[in-house]
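Each chain, letter by letter, is given below.
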Amino acid sequence: IVSKSSISTTRTESYYTCTAHRIQQIHRIQGTAPKYINININKQANRQTTKTTMTVAMGSVERILSGWVGKAFAGLLAVLFSARFGTGLYAWRVAEKLEKPKYKVLQQLPGGVELRRYEPYIVAETEASGMKTATKEGFRKCAGYIFGKNKSRSSPASFFRTQEDSSEKMAMTAPVRTIGGGRKTTLSFVMGGDYTLKTLPIPSDRKVKLRKVAAHTLAVRSFAGPPPKEERINDEKQTIQNALNTVDLKPSRDDTLVYGYHDPVVTPNFLRRNEVAMIVEGSP
């Protein structure tokens, strides 16, 4: 079996060889054959042969790369994507099963805004300067509280008991709440419904406070994506205000609530649920 590249190389060499013989014959008849004619023509033929050989070699490399190497790379990307999506889907399913505050939908308003009546619940909260600081520092402090940085009220006092022995770990709930309308932003975790202010463990960090949220009415706008930035929050807030105007309702104050139901790292953005809400006038 003779490859096309081999045939092309042979034809090129033959062309230069025949040309050299013809030129030599002409110069012999005229008696003017230069001595360097064979050398120049042979150099040209060698250069063309080398160029053709390099082209064939590069073609072989490209075929290899587009062959098993390309397939291996594509396979690796597929495996990484599957692992990333699988982990994110698992995290989403876990978050969907978390305990959440109970509420009743009162009315569907224009712009995808929902009017909800929430039952009372308890939160562990902390204040910080600005949304960014609250998201990082506030989350760390509240998460530390539910994961053991506390003192259990049910543990009997003992000289030999350690901090770990007297602490209590609690289940994660949803959503993570941030409330802000000025310089201060409050981040809070919702406590499980089985707890009361008298049975919840005492926070070890003095900046973490326990508070009971009274029954209230919210105008809520839900959407998917990454944790919303200030510009997105303001846009959603304006949508809520416009929707309330259509039913002659008003927000009780300028505070904006932002709820996050899924983690911002593992869960894919298209599965993440965020909510922007405003307390409706007449609520506590």
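The structure presented is a predicted model; accordingly, all values stated were derived computationally and were not measured.

Quick notes on the rules
Residues numbered from 1 in each chain as written. Predicted model: local features only at pLDDT ≥ 70, side-chain atom pairs only at ≥ 80, totals over all residues. Heavy atoms only, no water. Helix = DSSP H or I, 4+ residues; strand = E, 2+ residues; numbered from the N terminus. Buried < 20%, exposed > 50% of the residue type's maximum accessible area, 1.4 Å probe, protein only. Areas by Shrake-Rupley, 256 points an atom, 1.4 Å probe, with all protein chains shown as cover. Salt bridge = Lys/Arg side-chain N within 4 Å of Asp/Glu carboxyl O. Phe/Tyr/Trp six-rings, centres within 6.5 Å; stacked < 30°, edge-to-face > 60°. Lys NZ or Arg CZ within 6 Å of the ring centre and 35° of its normal. Core = buried A, V, L, I, M, F, W, Y, C linked by side-chain atoms within 4.5 Å. Contact = heavy atoms within 4.5 Å. 1 Å grid on protein atoms, 1.4 Å probe; cavity = no way out; pocket = protein on both sides within 12 Å on 5 of 7 lines; lining within 4 Å. Points joined across faces, edges and corners; volume = space filled by probe spheres on them. Nonpolar A, V, L, I, M, F, W, Y, C, P; charged D, E, K, R; others polar. Pairing = 2+ DSSP bridges. Axes fitted to C-alpha atoms, helices over the stretch in contact; angles between N-to-C directions.

Visitor: What should I look at first to understand the overall build of the protein in this one?
Guide: Scanning the protein for helices and strands turns up 5 helices and 11 strands. A buried classification covers 34% of the 284 residues belonging to the protein. For the protein, the accessible area works out to roughly 18,500 Å², and carbon and sulfur atoms hold 58% of it.

Visitor: Looking at this structure, I do not really get the pattern of salt bridges. What am I missing?
Guide: Close approach of charged atoms allows side chains with opposite charge to pair. With the rule as written, the count across this model stands at 8 salt bridges. With its nearest N and O atoms 2.8 Å apart, the salt bridge here joins Arg116 to Glu275. Of this pair, Arg116 sits in strand β2 (residues 113-118) while Glu275 is found in strand β11 (residues 273-279), placing the two residues 159 residues apart along the sequence. By relative accessible area, Arg116 is classed as buried at 2%. For Glu275, a relative accessible area of 0% corresponds to the buried category. When salt bridges with common partners are traced through the structure, they connect Glu114, Arg116, Arg273 and Glu275 into a single cluster.

Visitor: How should the packing of aromatic side chains be read in this particular structure?
Guide: Between two aromatic rings, the relevant description is the distance of the centres plus the angle of the planes. Summed over the entire model, instances satisfying the criterion amount to 2 aromatic pairs. The ring of Phe223 is capped by Arg232, whose NZ or CZ atom sits 4.1 Å from the centre of that ring. Seen from the ring of Tyr261, Arg273 lies directly overhead, with NZ or CZ sitting 3.8 Å from the centre.

Visitor: What's the story with the nonpolar core in this structure? I'm lost.
Guide: Soluble globular proteins tend to pack their nonpolar side chains together in the buried interior. Ranked by internal contacts, the top residues of the largest apolar core, which has 14 residues, are Tyr118, Tyr121, Leu218, Leu257 and Tyr259. Among the secondary structure elements, those contributing two or more residues to this core are β3 (121-129), β9 (216-224), β10 (256-260) and β11. Apart from residues no more than four positions distant in its own chain, Tyr259 is found in contact with Tyr118, Tyr121, Pro175, Val176, Arg177, Leu218, Arg273, Asn274 and Glu275.

Visitor: How should I be thinking about the layout of surface pockets in this particular structure?
Guide: Think of a ball as big as a water molecule: rolled over the atoms, this probe shows where empty space is left. If you add up the space inside the largest pocket, you get close to 1,100 Å³. Counting residues per element, the ones that place at least two in the lining of the largest pocket are α2 (37-96), α3 (131-146), β5 (176-180), β6 (184-190), α5 (230-245) and β10. Broken down by element, the residue count for the lining of the largest pocket peaks at 5 residues, all from α3. Residues belonging to the lining of the largest pocket are distributed by class as follows: 19 nonpolar, 13 polar and 9 charged. Considering only enclosed or pocket space, the second largest pocket measures out at about 270 Å³ in volume. What lines the second largest pocket is a set of 17 residues, and nearest its centre among them are Pro120, Tyr121, Ile122, Gly192 and Gly193. Partitioned by chemical class, the residues of the lining of the second largest pocket number 8 nonpolar, 4 polar and 5 charged.

Visitor: When you look at the sheet that holds β5 in this model, what are you seeing that I'm missing?
Guide: The strands making up a sheet are joined through hydrogen bonds of the backbone, oriented either antiparallel or parallel. Here 9 strands make up an open sheet; going across it, the order is β1-β2-β9-β11-β10-β5-β6-β3-β8 and the pairing antiparallel. Two strands in the sheet have a free side with no partner beyond their single neighbour: β1 (103-109) and β8 (209-213). Put simply, the sheet's adjacent strands are angled 30° from each other on average, direction ignored. Running over the sheet, α3 touches β3, β5, β6, β8 and β10 and is turned about 30° from β6. Against the sheet, α5 contacts β1, β2, β9, β10 and β11, and its axis sits at roughly 50° relative to β11.

Visitor: Could you clarify how one ought to interpret the pairing of β1 in this entry?
Guide: On a regular strand, each side chain points to the face opposite its neighbour's, so the side chains alternate between the two faces of the sheet. Bridge count between β1 and β2: 6 bridges; the pairing is antiparallel. Each bridged residue has a counterpart across the sheet, and for Val105 the counterpart in β2 is Arg116. Counting the residues that bridge the hairpin from β1 to β2 gives 3 residues, and of these Gly111 lies at a positive phi of roughly 80°.

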